[in-house]
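Working through the structure, step by step
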Amino acid sequence: MIKILFIGDIYARPGREVVRKILPGIKEQYKPDVILANPENLTHGNGFSYDHIMEMRDVGIDFFTSGNHIWENKDGADHL
């Protein structure tokens, strides 16, 4: 059986801070095989920046989904 953890919309700095704070404990307790997240509002609630995606990768998110706001930040859109 594969364990998948999906994190919904991570919204701006508060969302990134929560993920950084609680994801390590969730990973330790549940040992998911893969972690997915929606970063479409990761940077100031408008799209994502490359740096913020890398920050979330460093915390342990493996893959990212998307939504219509993904195009709101040119820095992030350029990295797609």
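What counts as what
- Residues numbered from 1 in each chain as written.
- Predicted model: local features only at pLDDT ≥ 70, side-chain atom pairs only at ≥ 80, totals over all residues.
- Heavy atoms only, no water.
- Helix = DSSP H or I, 4+ residues; strand = E, 2+ residues; numbered from the N terminus.
- Buried < 20%, exposed > 50% of the residue type's maximum accessible area, 1.4 Å probe, protein only.
- Contact = heavy atoms within 4.5 Å.
- Pairing = 2+ DSSP bridges.
- Axes fitted to C-alpha atoms, helices over the stretch in contact; angles between N-to-C directions.

Along the chain, arginine 16 turns up in helix H1 (residues 12-30). Of the residues examined, arginine 16 reaches a relative accessible area of 7% and is grouped as buried. The contact partners of arginine 16, leaving out residues within four places of it in the chain, are Ile10, Leu42, Thr43, His52, Glu55 and Met56.

One open sheet accounts for 3 strands, arranged S1-S2-S3; its pairing is parallel. Single-partner strands in this sheet number two, and they are strand S1 (4-9) and strand S3 (63-64). Here 5 bridges tie S1 to strand S2 (residues 34-38), and the two strands are oriented parallel to one another. Each residue of the ladder has a partner; that of leucine 5, found in S2, is isoleucine 35. Where H1 meets the sheet, its contacts fall on S1 and S2, and the angle it forms with S1 comes to roughly 165°.

So, on to the environment of aspartate 75. Mapped onto the fold, aspartate 75 is located in helix H3 (residues 74-79). On the basis of relative accessibility, which here comes to 34%, the residue aspartate 75 falls in the partly exposed class. Among all residues touching aspartate 75, those that are not within four sequence positions of it are Phe48, Ser49 and Tyr50.

The topology assignment puts asparagine 46 in the loop between S2 and helix H2 (50-59). Take asparagine 46: its relative accessible area is 40%, and that puts it in the partly exposed class. Along the primary structure asparagine 46 and histidine 69 are separated by 23 residues, whereas in three dimensions their C-alpha atoms are 6.2 Å apart. Once you skip the residues sitting within four places of it in the chain, asparagine 46 turns out to touch Glu40, Asn41, His69, Glu72 and Asn73.

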